[in-house]
Amino acid sequence: RKEVEQDPGPFNVPEGATVAFNCTYSNSASQSFFWYRQDCRKEPKLLMSVYSSGNEDGRFTAQLNRASQYISLLIRDSKLSDSATYLCVVRLLNAGKSTFGDGTTLTVKP
Amino acid sequence: DTGVSQNPRHKITKRGQNVTFRCDPISEHNRLYWYRQTLGQGPEFLTYFQNEAQLEKSRLLSDRFSAERPKGSFSTLEIQRTEQGDSAMYLCASSFRLAEETQYFGPGTRLLVL
């Protein structure tokens, strides 16, 4: 079993739709959580950190459920520019290593 | 441009050759990370430095791989006797000080071993 698992998709949604991605992690000692976005053949870029209380940044909402060891990302009012691969990232306390999921691919269509 | 830079951006080599990649982190960042990414997979951790000290190495980093960060600034990743399975994108990232800090990625070096 992989340490961080994501549904690879693809998710194909129309503009304006709401879409949600989940990610599960296996190491209960994980302390830091992130969502990164990666466009085709580009480097990953931080989308948002995920905090225990949940957090929102515009159309994006991230949630953490430590008891069930999963993280979610909700995108509201999808735009064409949201088309990308979304990577879930988990890190242990004071660790340098980040463990990435294999990503969920989103395509937003007109 | 004050982001992470990597050189070269692309490298094509023949099996058995040695290759070296360079990463220049964001200037005030003292942590530097190397990852490898193949198509359809997420980045896989290889190693990281805090200043010039190499603090962690993945088991993915075989004896043919070596990384250095001699002055705590730029870093090099060398692959000796390349194999076709080494073909991948090699990503470098840096972060400020704390493990909780965001890691900022460079554009990567895409390696193709023929």
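As shown above, the structure is provided for reference.
In this report, the structure presented in the accompanying data block is examined.

Some thoughts on the packing of aromatic side chains
As enumerated under the stated definition, the model contains 12 aromatic pairs over all chains in all. With centroids separated by 5.0 Å and ring planes inclined at 45°, the aromatic side chains of Tyr 25 of chain A and Phe 33 of chain A adopt a geometry described as tilted. Its relative accessible area of 2% is what places Tyr 25 of chain A among the buried residues. Plain terms: the ring middles of Tyr 35 of chain B and Phe 105 of chain B are 5.5 Å apart, the flat faces sit at 50° to each other, and that makes the pair tilted. Residue Tyr 35 of chain B is found in strand β4 (residues 31–37), and its partner Phe 105 of chain B is found in strand β10 (residues 104–105); the two are separated by 70 residues along the sequence. Note on accessibility: Tyr 35 of chain B and Phe 105 of chain B belong to one class, buried. In this structure an aromatic cluster arises from ring pairing among Tyr 36 and Phe 100 of chain A together with Tyr 33, Tyr 35, Phe 45, Tyr 48 and Phe 105 of chain B. Sitting over the ring of Phe 74 of chain B, Arg 22 of chain B keeps its end group 3.9 Å from the ring centre.

A look at the sheet that holds strand β8 (residues 75–79) of chain B
All names here are of chain B. Taken together, 4 strands build an open sheet; the order of strands is β1-β3-β8-β7 and the sheet is antiparallel. Here the strands that pair on one side only, and so sit at the sheet edges, are β1 (5–7) and β7 (65–68). Here the average twist between neighbouring strands, direction ignored, is 15°. Here 5 bridges tie strand β3 (residues 19–24) to β8, and the two strands are oriented antiparallel to one another.

So, the pairing of strand β11 (residues 109–113) of chain B
All names here are of chain B. The two faces of β11 differ: Thr 109, Leu 111 and Val 113 on one face are buried, but Arg 110 and Leu 112 on the other face are not. In this structure, strand β2 (residues 10–13) lies alongside β11, joined through 4 bridges in parallel fashion. When the sheet's bridge partners are listed, Thr 13 is paired in β11 with Val 113.

Observations concerning the state of the cysteines
A disulfide bridge is the covalent bond that connects two cysteines by way of their sulfur atoms. Enumeration according to the criterion identifies 2 disulfides over all chains in this entry. Residue pairing for Cys 23 of chain A: its cysteine sulfur links by disulfide to Cys 88 of chain A, the two sulfurs lying 2.0 Å apart. The chirality of the disulfide connecting Cys 23 of chain A with Cys 88 of chain A is left-handed, given an S-S dihedral of about -75°. Remark: Cys 88 of chain A occurs in strand β9 (residues 84–92) and Cys 23 of chain A occurs in strand β3 (residues 19–25); sequence separation between them is 65 residues. For the pair formed by Cys 23 of chain A and Cys 88 of chain A, the shared burial category is buried. Across the disulfide from Cys 23 of chain B sits Cys 92 of chain B; the S-S distance is 1.8 Å. Judged by the sign of its S-S torsion, about -65°, the cystine formed by Cys 23 of chain B and Cys 92 of chain B is left-handed. Within this pair, whereas Cys 23 of chain B is found in strand β3, its partner Cys 92 of chain B is found in strand β9 (residues 88–95), the two being separated by 69 residues in sequence. Each of the two residues, Cys 23 of chain B as well as Cys 92 of chain B, counts as buried.

Observations concerning the sheet that holds strand β7 (residues 60–65) of chain A
Residues and elements named next belong to chain A. Across the sheet, 5 strands lie side by side as β1-β3-β8-β7-β6; this open sheet has antiparallel pairing. Each having just a single partner strand, β1 (4–6) and β6 (55–57) make up the two edges of the open sheet. In this sheet, neighbouring strand axes are inclined to one another by 20° on average, regardless of whether the strands run parallel or antiparallel.

Rules behind the numbers
Residues numbered from 1 in each chain as written. Chains lettered and ligands numbered in written order. Predicted model: local features only at pLDDT ≥ 70, side-chain atom pairs only at ≥ 80, totals over all residues. Heavy atoms only, no water. Phe/Tyr/Trp six-rings, centres within 6.5 Å; stacked < 30°, edge-to-face > 60°. Buried < 20%, exposed > 50% of the residue type's maximum accessible area, 1.4 Å probe, protein only. Helix = DSSP H or I, 4+ residues; strand = E, 2+ residues; numbered from the N terminus. Lys NZ or Arg CZ within 6 Å of the ring centre and 35° of its normal. Pairing = 2+ DSSP bridges. Axes fitted to C-alpha atoms, helices over the stretch in contact; angles between N-to-C directions. Disulfide = S-S within 2.5 Å.

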